[in-house]
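# Coordinate inspection notes
Each chain is listed here by its residues.
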Amino acid sequence: MEPIIAGNWKMNMGPGESRELVIKLLQLVSDVQNREIIVIPPFTSLPGVAEVLCNTKIKLGAQNMHWERGGAYTGEISGLFLKSLGCEYVIIGHSERRHIMLEPDEWLNRKLKTALDIGLISIFCVGETAQEREQGMTQQVIERQLNQGLRGIENEVHKMIIAYEPVWAIGSGKTATPKSAAEVHKFIRSKLKKPVTILYGGSVKPENVDALMQEEEIDGVLVGGASLKPESFARIIKFESKR
Ligand code: PEP
């Protein structure tokens, strides 16, 4: 399987900036092979980015979706709309949505089920806070997130991607050591019924990606801040590994 390098732009990059970023990125990665590259812009940038990416090697994802296909849900976005724009992936349960927008596991479970039904590949995020880690609760928290998020779809987990993103490492400049990330990935794998792709996320940068990708347990990375600059994201995509 090709390593997956996904860039989550969060609430950054308007439509014009997004197009410029992806045009530059395409130039920088024109020689790259054997990598699955995904960009995940804000909703309003999706049409413009989709147009630029048409028939290229970079895939498109969205940052969130509602579990219903349509209806009276003001301010929400249907996964069907995302698909019609060319999205193949959708992030479900990013920690910023769990902790700032207070999305409960039960909502994430519904979203994962809908994404499966309509054929979007979920990038399902799990991870512990700093306090939970200090209290030795990392495994317990992740097990709960997996059990509740995947309830009823345990046998379909191979159709999704899991992203292990320790909350304390997101946007903080602190990264899990490759060994500790790999340990958690191993734990996640041991709890799932099918083989699954697991990305690491949390302050991944050009300076630390090579060491992270040395770990066999790490199938790729989900990148926030460092995916906003085409040069740094391209360097991450071109990580060097002796694996
Ligand atoms: C993220 O948004 O998923 C993320 C990992 O952010 P950052 O790389 O900025 O820590």
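Presented here is a report on the structure given in the accompanying data block. (Residues numbered from 1 in each chain as written. Predicted model: local features only at pLDDT ≥ 70, side-chain atom pairs only at ≥ 80, totals over all residues. Heavy atoms only, no water.)

This part covers the packing of helix H5 (residues 105-118) against helix H7 (residues 138-149). Direction vectors running N to C along H5 and H7 enclose 50°, while the axes themselves pass 8 Å from each other. By the angle class used here, H5 and H7 are oblique. From H5, Asp105, Asn109 and Leu112 reach across to H7, where they touch Arg144, Gln145, Gln148 and Gly149. (Axes fitted to C-alpha atoms, helices over the stretch in contact; angles between N-to-C directions. Helix = DSSP H or I, 4+ residues; strand = E, 2+ residues; numbered from the N terminus. Parallel < 35°, antiparallel > 145°, perpendicular 65-115°, else oblique. Contact = heavy atoms within 4.5 Å.)

The environment of the ligand is formed by 14 residues, the closest being Lys10, Glu165, Gly171, Ser203 and Gly224. Interatomic distance of 3.1 Å between a side-chain N/O atom of Asn8 and an oxygen atom of the ligand. Contact between the ligand and Ser203: an oxygen atom at 2.8 Å from a main-chain N or O atom of the residue. Across the complex, the protein chains shield 96% of the 290 Å² of accessible surface that the ligand would expose by itself. (Near = heavy atom within 4 Å. Polar contact = N/O pair within 3.5 Å; in protein donor to acceptor, adjacent residues only side chain to side chain. Areas by Shrake-Rupley, 256 points an atom, 1.4 Å probe, with all protein chains shown as cover.)

With that settled, consider the packing of aromatic side chains. Using the criterion set out here, one finds two aromatic pairs in the structure. Relative to Trp107, the ring of Trp67 has its centre 5.4 Å away and its plane inclined at 55°; by these criteria the two rings are tilted. Placement of Trp67 in the loop between strand E3 (58-62) and helix H3 (79-84) and of Trp107 in helix H5 is noted, with a sequence separation of 40 residues between them. The ring centre of Phe239 lies 3.8 Å from the NZ or CZ of Arg35, which sits over that ring. (Phe/Tyr/Trp six-rings, centres within 6.5 Å; stacked < 30°, edge-to-face > 60°. Lys NZ or Arg CZ within 6 Å of the ring centre and 35° of its normal.)

Topologically, Gly93 is positioned in the loop between strand E4 (89-92) and helix H4 (95-99). Sequence separation between Gly93 and Lys229 is 136 residues; the distance between their C-alpha atoms is 24 Å. In this view, Gly93 contacts Arg98, Leu108 and Cys125; residues no more than four positions away in its chain are not counted.

Right, let's talk about the pattern of salt bridges for a bit. Under the defined criterion, the tally for this structure stands at 18 salt bridges. Residue Asp31 is joined to Lys238 by a salt bridge in which the shortest nitrogen-to-oxygen separation is 3.7 Å. Of the two residues, Asp31 is situated in the loop between helix H1 (15-28) and strand E2 (36-40) and Lys238 in the segment after helix H10 (230-237); the sequence distance between them amounts to 207 residues. When its relative accessible area of 33% is taken as the criterion, Lys238 is described as partly exposed. Arg235 is paired through a salt bridge with Asp210; the nearest N and O atoms lie 2.6 Å apart. Placement of the pair is Arg235 in helix H10 and Asp210 in helix H9 (residues 209-212), with a sequence separation of 25 residues. A relative accessible area of 26% places Arg235 in the partly exposed class. Several salt bridges converge on common partners, so that one network encompasses Arg97, Glu103 and Lys111. (Salt bridge = Lys/Arg side-chain N within 4 Å of Asp/Glu carboxyl O. Buried < 20%, exposed > 50% of the residue type's maximum accessible area, 1.4 Å probe, protein only.)

With that settled, consider unusual backbone geometry. If you check the backbone angles, Lys10 has positive phi at about 50° while not being a glycine. If you trace the backbone, Lys10 turns up in the loop between strand E1 (4-8) and H1. Overall, Lys10 belongs to the buried group, its relative accessible area being 18%. The phi dihedral of Asn55 is positive, around 60°, even though this residue is not glycine. Secondary-structure assignment places Asn55 in the loop between helix H2 (46-53) and E3.

With their axes 9 Å apart at the nearest point, H1 and H10 run at an angle of 40° to one another. Classified by the angle their axes make, H1 and H10 are oblique. You can see that H1 and H10 cross each other, and the crossing is right-handed. Within the contact between the two elements, H1 uses Leu21, Lys24, Leu25 and Leu28 and H10 uses Pro230, Glu231, Phe233, Ala234 and Ile237. Its residues placed into classes, the contact of H1 with H10 shows seven nonpolar, no polar and two charged. (Left-handed = near helix turned anticlockwise from the far one by under 90°. Nonpolar A, V, L, I, M, F, W, Y, C, P; charged D, E, K, R; others polar.)

So, about the pairing of E2. Regular strands place side chains that alternate from one sheet face to the opposite one. The buried fraction of E2 is high, at five of five residues. Both faces of E2 are covered, namely the face carrying Glu36, Ile38 and Ile40 and the face carrying Ile37 and Val39. Where E1 meets E2, five bridges bridge the pair, whose relative direction is parallel. Across the sheet, the residue bridging to Asn8 is Ile40, located in E2. Of the crossover connections in this fold, the one passing from E1 over H1 to the parallel E2 is right-handed. Here three bridges tie E2 to E3, and the two strands are oriented parallel to one another. Note that in E3 the partner of Ile38 across the bridge is Lys59. (Pairing = 2+ DSSP bridges. Right-handed = clockwise from strand over helix to strand, strands pointing away.)

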